[in-house]
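Take a look at the letters that make up each chain.
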Amino acid sequence: DTHILRFSRKPSLHLATPPEAGPLRIALIGFCLPYVDGLLILNEALRIVKERNHKVSLIYIGNKKRVKGWGIRMDDKVHVTGFTASDDERDRLLAQCHVGFLPGPLASPAINSRSRFSIPSRVIDYMATGLPITGTVHPQSATSTYMEAFGLGGCLGMNSPELLAERLLALYDSSTWRLYSDLSTRGFHAAQQERRTLANWMQDAAMSVSRA
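This structure is a prediction, so every number in the text was calculated from the model and none was measured.

Cut-off values and rules
- Residues numbered from 1 in each chain as written.
- Predicted model: local features only at pLDDT ≥ 70, side-chain atom pairs only at ≥ 80, totals over all residues.
- Heavy atoms only, no water.
- Helix = DSSP H or I, 4+ residues; strand = E, 2+ residues; numbered from the N terminus.
- Buried < 20%, exposed > 50% of the residue type's maximum accessible area, 1.4 Å probe, protein only.
- Pairing = 2+ DSSP bridges.
- Axes fitted to C-alpha atoms, helices over the stretch in contact; angles between N-to-C directions.
- Contact = heavy atoms within 4.5 Å.
- Salt bridge = Lys/Arg side-chain N within 4 Å of Asp/Glu carboxyl O.
- Core = buried A, V, L, I, M, F, W, Y, C linked by side-chain atoms within 4.5 Å.

Asker: Before we move on, can you summarise the environment of Ala21 with the specific residues and values?
Answerer: Relative to the helices and strands, Ala21 resides in the segment before β1 (24-29). Given the relative accessible area of 82%, Ala21 is considered exposed. In the structure, Ala21 is positioned 151 residues away from Tyr172 in sequence and 9.7 Å away in space, judged by C-alpha atoms.

Laid out in structure tokens, this is it:
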């Protein structure tokens, strides 16, 4: 009798815009330590992107201590914003990026409980700010199932450096970027509809309890 508990949030006042001159800014946020395998794939993918004469910039929205805790060295410097004191500030920083990256869960859900049950809640922050999303996520994971429900399943599964590099390279093109940004925005609106359904359900449940 297990069900997925959906999470939701308010719309963002800040929205991402397509890359212009300069590097593709890749956002990371949240607790990435369990997903080091995905970070290593990202590192290799960025080597391919740079070999094609494109610039990149890694942005971690959070505490520098979290990045040090990864225990790996990325080829590119990770620009750390530091702790964000408000949701609005977090959204503003996300909207300055061009793509939100999910480094996992990458392991098979058959052997990994995070892959089987966990959904990184920050994915909805990417959606709310209109960021295109990509990531190294197992196709049978709870994360993949969640995103497929909102039309975003095709954004994931970039589980090799070559596949991930091709997706990142595609996002330098403004029209392609807008395509994936629109997918995120539509996914967020779908999540908001689900939030209203949950609110109505809770109201009905409360009325039933009061009558009892």
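Asker: Run through the sheet that holds strand β2 (residues 56-61), naming residues and quoting values.
Answerer: Here 5 strands make up an open sheet; going across it, the order is β3-β2-β1-β4-β5 and the pairing parallel. Each edge of the open sheet is held by one strand with a lone partner, namely β3 (78-80) and β5 (133-135). The average angle at which neighbouring strand axes cross in this sheet is 35°, direction not considered. In this sheet, β3 lies alongside β2 in parallel orientation, the contact comprising 3 bridges. Counterpart to Ile59 in the pairing with β3 is His79. Contacting β1, β4 (99-102) and β5, helix α7 (residues 161-170) crosses the sheet at an angle of about 165° to β5.

Asker: Go over the pattern of salt bridges with me, naming the residues and quoting the values.
Answerer: In a structure, side chains of opposite charge can pair up when their charged atoms sit close to one another. Evaluation of the coordinates by the stated rule reveals 11 salt bridges. The partner of Arg90 in a salt bridge is Asp91, with the nearest N and O atoms 3.1 Å apart. On the accessibility criterion, Arg90 (8% relative accessible area) is buried. A salt bridge links Asp125 to Arg90, with the shortest nitrogen-to-oxygen separation between them at 3.5 Å. Within this pair, whereas Asp125 is found in helix α5 (residues 123-128), its partner Arg90 is found in helix α3 (residues 87-95), the two being separated by 35 residues in sequence. Like Asp125, the residue Arg90 is buried in the burial classification. Within the structure, one salt-bridge network assembled from shared partners comprises Arg9, Asp87, Arg90, Asp91, Arg122 and Asp125.

Asker: Please give an account of the nonpolar core that cites residues and values.
Answerer: One finds Leu42, Trp70 and Leu168 to be the most contacted residues of the largest nonpolar core, which totals 56 residues. Among the elements that take part in this core, helix α1 (residues 36-51) stands out by supplying 7 residues, more than any other. Each residue touching Leu42, except ones within four places of it in the same chain, is listed here: Leu28, Leu58, Met74, Phe101, Leu164 and Leu168.

Function cannot be inferred from these measures alone, as they are strictly geometric.
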